[in-house]
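Fold and geometry: a report
What follows is the residue order along each chain.
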Amino acid sequence: MLFQPTASALNHLLIQSGWALQRLVIHAGKTARFTIAPFIFAYTIQNDGTLRASAADVSADASCTIPPSLLPRLAVHDETASAQIESCGDTALLAEIFYLSRHLHWDAAEDLSRLTGDIAAERIVQYAKTGQQYIQDAALNLSQALAEYWTEESPLLAKSTHIADFVQQTDKLRDDVARLEQRINRLSNS
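Residues numbered from 1 in each chain as written. Predicted model: local features only at pLDDT ≥ 70, side-chain atom pairs only at ≥ 80, totals over all residues. Heavy atoms only, no water.

1. Details of the side chain of Glu-96
- Within the secondary structure, Glu-96 is located in helix H5 (residues 91–103).
- Taking relative accessible area as the criterion, Glu-96 reaches 11% and is therefore assigned buried.
- A distance of 2.3 Å separates the side chain of Glu-96 from the side chain of Arg-23, its partner in a polar contact.
- Excluding residues within four positions of it along the chain, Glu-96 makes contact with Arg-23, Leu-24 and His-27. (Helix = DSSP H or I, 4+ residues; strand = E, 2+ residues; numbered from the N terminus. Buried < 20%, exposed > 50% of the residue type's maximum accessible area, 1.4 Å probe, protein only. Polar contact = N/O pair within 3.5 Å; in protein donor to acceptor, adjacent residues only side chain to side chain. Contact = heavy atoms within 4.5 Å.)

Take a look at the structure:
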């Protein structure tokens, strides 16, 4: 099957955690379909809680449609992005899928320890997490610096106070024009 490697990767995560298999056993025999344009992934839950890749045209008990634009936000665990996933079908299965998507995590140190040993694997993973945090902090600092530069030094962006003032003045002008129209109508009718 074309998407068997994804089922294998998901099964690895499920087996690694253990508790997730127990949660999926309840839904054995059910199929879930995920559409991420242009791909369609379908998995059937087996009796032991693992997944088997199914044909995309198999009748699904639950389905989720995920716009590709949401993938970066989902990768950084943005809760508002999760709310934008379109889903339908078996609500209990969908609840389980969303629960697992939030709580199932890859234990990279466990897999890496088979190659490097436990201590080295833990240190490599810790360095990777530190590097990831450094990159996130640097991106946040850069975006804040650019926002300040574009609002203060080289006004490319409008300040929120200026926007609020503009909106208030526009509302006042609209109300004044409405009152003027009413006066004109009264004068022309008299």
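There's more to say after this.
2. Some details on the pattern of salt bridges
- The full count for this structure, using the stated rule, is six salt bridges.
- Taking the shortest distance from any N to any O, the salt bridge between Arg-23 and Glu-96 comes out at 2.3 Å. Here Arg-23 is found in helix H2 (residues 19–25), whereas its partner Glu-96 is found in helix H5, with 73 residues between them in sequence.
- Residue classification places Arg-23 among the partly exposed positions, given a relative accessible area of 30%.
- Ionic pairing is found between Lys-172 and Asp-176, a salt bridge with its closest N-O pair at 3.2 Å. Taken together, the residues Lys-172 and Asp-176, both in helix H8 (residues 160–189) and four residues apart, mark about one turn of the helix.
- Taken together, the salt bridges that share partners define one network made up of Asp-171, Arg-174 and Asp-175. (Salt bridge = Lys/Arg side-chain N within 4 Å of Asp/Glu carboxyl O.)

3. With respect to the packing of helix H6 (residues 108–116) against helix H7 (residues 118–153)
- Closest axis-to-axis distance for the H6/H7 pair is 7 Å, and the angle between their directions is 135°. Considering their axes alone, H6 and H7 lie oblique with respect to each other. By crossing handedness, the relation of H6 to H7 is classed as right-handed. Packed against H6, whose contacting residues are Ala-108, Ala-109, Leu-112, Ser-113 and Thr-116, the element H7 presents Asp-118, Ala-120, Ala-121, Glu-122, Ile-124 and Val-125 at the interface.
- Each residue belonging to the contact of H6 with H7 can be placed in one class, and the counts come to seven nonpolar, two polar and two charged. (Axes fitted to C-alpha atoms, helices over the stretch in contact; angles between N-to-C directions. Parallel < 35°, antiparallel > 145°, perpendicular 65-115°, else oblique. Left-handed = near helix turned anticlockwise from the far one by under 90°. Nonpolar A, V, L, I, M, F, W, Y, C, P; charged D, E, K, R; others polar.)

4. A word on H7
- Relative to the 52 Å expected for 36 residues at 1.5 Å per residue, H7 spans 51 Å between its end C-alpha atoms, a close match to the ideal helical length.
- Regarding H7, the residues found buried are Ala-121, Val-125 and Thr-151. (Expected span 1.5 Å × (residues − 1).)

5. Some remarks on the sheet that holds strand S1 (residues 31–36)
- Across the sheet, which stays open at both edges, the five strands sit in the order S3-S2-S1-S4-S5 with mixed pairing between neighbours. Both outer strands of the open sheet, strand S3 (51–53) and strand S5 (86–89), are each paired with one neighbouring strand and no more. With strand direction ignored, the average angle separating the axes of adjacent strands in the sheet is 20°.
- Direction of pairing for S1 relative to strand S2 (residues 39–45): antiparallel, over a ladder of six bridges. Residue pairing in the sheet places Arg-33 in a bridge with Ala-42 of S2.
- Running over the sheet, helix H1 (residues 4–17) touches S2 and S3 and is turned about 175° from S3. (Pairing = 2+ DSSP bridges.)

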